[in-house]
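# Notes for the structure review
Residue strings, one per chain:
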Amino acid sequence: MPMERGVVSKTLDYAYDDWCVSQLAFALGKKKGGKALQVRSMNYKNVFHPEKKFVMQRDSLGNWDPDFNVFSNKGFIEGNSWQYSWYVPHDIPGLVDLLGKDLFNSRLEEGFIKSEKHKFAAHVFDRTMGQAAEFYINQGNEVNMCTPFLFNYSGKPWLAQKWSRAILDSFYGSTPYHGWEGDEDEGQMGGWYVMSALGLFEMNGGASLRPELELTSPLFNKVTIHLDPDYYKGKTFTIEARNNSKENIYIQKAYLNGKELKQPRIPFTVITAGGKLILEMGNEPGYTCF
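These numbers were taken from a predicted model, which means no experiment stands behind them. (Residues numbered from 1 in each chain as written. Predicted model: local features only at pLDDT ≥ 70, side-chain atom pairs only at ≥ 80, totals over all residues. Heavy atoms only, no water.)

So, on to the sheet that holds strand E1 (residues 200-201). Two orientations exist for strands paired in a sheet by backbone hydrogen bonds: parallel and antiparallel. Strands sit in the order E1-E2-E7 across an open sheet of three strands; the sheet is antiparallel. The strands lining the two open edges of the sheet, one partner per strand, are E1 and strand E7 (265-267). When E1 meets strand E2 (residues 212-215), the two strands line up antiparallel, connected through two bridges. The residue of E2 that forms the bridge with Phe-201 is Glu-214. (Pairing = 2+ DSSP bridges. Helix = DSSP H or I, 4+ residues; strand = E, 2+ residues; numbered from the N terminus.)

Rendered as structure tokens:
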């Protein structure tokens, strides 16, 4: 989307949309159309500045925005370049490669550290400092709700556990203010809370031909999900977090139906088949868990 015609964040939206439709095409057996859409979904790379490694506006001739400000909302809908540069839910491994793992992790960690004192509610600055304020993580809007779980793709899954639990503990609450902290949008924020409290998250919206769920630090010691027999062959899926507490937020070992997991995600099909996920929790990062 050239800057003369609209906002650059639409390029990212359209890239993700193309990927979603590609998955439908593949499911329908339309391989040629699916492949074309999948290739087009990589257009997000065209708006990443090669040196700055941030999403940036370009004009129809390909020139970069000369007035670029990473924290300005100019050229973005309800966000800024820092926030939207993480918004590639369909190709996180590609995003890690694009930024490089070291920059990916250091930039993301910095954002969480600087956002913690504001309880990850970047939108509060809109009222006091204007849209060009220096803010990072914004749990109050959809663009950044994937960010804690990005660490599952960059070799630091313990940080996904740390920061998702921190958001659960500090951003949400039971006061009237906390009850409507951000942009609910038909249950988005509430849905995020429920899934994350279970220790689960779906990175690409469940649109994949083979959906997977990210693992993180659950709030509950034990949860039993009762599966609808009209749709799923399994009866229940149980998540048990042993030695879980406010301090013991890190996964030390994970077992799915008795077998130790080697990656911080599980296929959706193992849930719908019914079974049990056991997480052994501790107060130190499980560096060798996944």
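Let's shift gears to the nonpolar core. Judged by nonpolar contacts, the single largest core of 50 residues is most densely connected at Trp-82, Trp-86, Phe-104, Phe-112, Leu-150 and Trp-192. At the level of elements, helix H1 (9-27), helix H3 (81-84), helix H4 (92-99), helix H5 (101-116), helix H7 (157-170) and helix H8 (188-198) are the ones that each hand at least two residues to this core. Of all the elements, H7 adds the most residues to this core, at seven residues. Contact partners of Phe-104, with chain neighbours within four places excluded, come to Trp-86, Leu-95, Val-96, Leu-99, Leu-150 and Ser-154. Residues Leu-215, Val-223, Ala-241 and Ala-254 belong to the second largest nonpolar core, which totals 20 residues. (Core = buried A, V, L, I, M, F, W, Y, C linked by side-chain atoms within 4.5 Å. Buried < 20%, exposed > 50% of the residue type's maximum accessible area, 1.4 Å probe, protein only. Contact = heavy atoms within 4.5 Å.)

Turning to the packing of aromatic side chains, a few remarks are in order. This structure, assessed with the given rule, holds 21 aromatic pairs. An aromatic cluster is defined as three or more aromatic residues linked by ring pairs; in this entry it consists of Phe-149, Phe-171, Tyr-172, Trp-192, Tyr-193 and Phe-201. A cation over an aromatic ring shows up here: Arg-107 above the ring of Phe-54, its NZ or CZ 3.6 Å from the ring centre. Lying over the aromatic face of Tyr-153, Arg-265 brings its terminal NZ or CZ to 4.2 Å of the ring centre. (Phe/Tyr/Trp six-rings, centres within 6.5 Å; stacked < 30°, edge-to-face > 60°. Lys NZ or Arg CZ within 6 Å of the ring centre and 35° of its normal.)

These figures capture arrangement, not role.
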